[in-house]
Amino acid sequence: MFVHKTQNKHVRKQYLKMRKVVYSVVLMTAILMGCATEKKESKTTTTTTTVLKTEGTTASFGVRGNCGMCKKTIETAANSLEGVTNANWNSTQKNMTVSIDTTKTNVLDVATSVAASGYDTALSTGNIEAYNSLPGCCKYDRDMAMNLKE
Ligand SMILES: [Cu+2]
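Report on the accompanying structure.

About the cut-offs
Sequence order sets the numbering: in each chain, residues are counted from 1 along the sequence as written. Given that this is a predicted model, residues contribute local features only at a pLDDT of at least 70 and side-chain atom pairs are listed and counted only at 80 or more, while totals for whole chains, interfaces and linings are drawn from all residues. Labels follow the DSSP assignment, with helices taken as runs of H or I lasting at least four residues and strands as runs of E lasting at least two, numbered in each case from the N terminus. Neighbour counting defines burial: a residue surrounded by 20 or more other C-beta atoms within 10 Å of its own C-beta is buried, one with 12 or fewer is exposed, and intermediate counts give partly exposed, using backbone-placed C-beta atoms. A residue pair is marked as a contact if its C-beta atoms, positioned from the backbone, fall within 7 Å. One requirement defines pairing of two strands: DSSP has to find at least two bridges between them.

1. Observations regarding unusual backbone geometry
Here is step 1: The phi torsion at K94 lies on the positive side, around 55°, for a residue other than glycine.
Here is step 2: Structurally, K94 is set in the loop between strand 3 (84–90) and strand 4 (95–100).
Here is step 3: Under the C-beta neighbour-count criterion, K94 is labelled buried, with 22 such atoms within 10 Å.
Here is step 4: The backbone phi angle of N147 is positive, close to 55°, even though this residue is not glycine.
Here is step 5: Tracing the chain through its elements places N147 in the segment after helix 4 (128–132).

Okay, here's the thing in C-alpha cells:
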C-alpha cells in the first residue's frame, strides 16, 4: 500500500515533468514557426525588389516553367490583359519580358494574371488548382530558380 502510494507520486511527478516538456516544445514550435513566416515574408520582399527590372514601358520578372506549352500558357495569360502590347517568356532564363501601356495596366497585374494560370512568378505564387490541371510535362519544379543568365 505504501509502496503503491510512492509509485503514484513518482508517476505524477513524471507526468508533470512531461507536461512541462510538452508545453515548452509547443512554445518553441510556435516561436520557430513565427520566425519561419517572418523569414519567408522578408525573402519575398527582397525578390520583389531585386528581380523586377523596369525600363520605361518594358519590365521583366522571373516566371517558372518548362516547355513550349508553358510558354504559350504564360504569354496568353499576360496578353489577356488590356495594356499588354508584348509578352515574351524565355524558357532558358525562366524570365519574362513584357511591354505594357502603364495607363492601362501594371507589372503586378500581369504577374497576377500569369499566376492565375498556374505559373509561379517572382511577384506572385501560381494558383495551385491551375497548376494541378497543367499537363504532366508542364508541372514545373516549384523550387526552380528564376531569372537565370543564359
Ligand atoms: Cu510546359
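From this point, the discussion proceeds with the structure in view.
2. Examining helix 3 (residues 107–116)
Here is step 1: Within the sequence span of helix 3, burial applies to V110, A111, S113, V114 and A115.
Here is step 2: Where the residues of helix 3 are buried, they touch strand 2 (58–62), helix 2 (68–79), strand 3 and strand 4.
Here is step 3: Within two residues after helix 3, G118 carries a phi angle of roughly 110°, on the positive side.

3. Structural notes on the pairing of strand 2
Here is step 1: Across the 5 residues of strand 2, 4 count as buried, placing the element largely inside the fold.
Here is step 2: Alignment of strand 2 against strand 4, held across 5 bridges, turns out to be antiparallel. Residue pairing across strands places T58 opposite S99, the latter belonging to strand 4.

4. Observations regarding the pairing of strand 3
Here is step 1: Relative to strand 4, strand 3 runs antiparallel, the two being bridged by 6 bridges. What sits directly across from W89, in strand 4, is M96.
Here is step 2: With antiparallel pairing between neighbouring strands as the criterion, strand 3 and strand 4 make up a hairpin whose turn holds 4 residues, including K94 at a positive phi of roughly 55°.

Keep in mind these numbers describe shape, not what the thing actually does.
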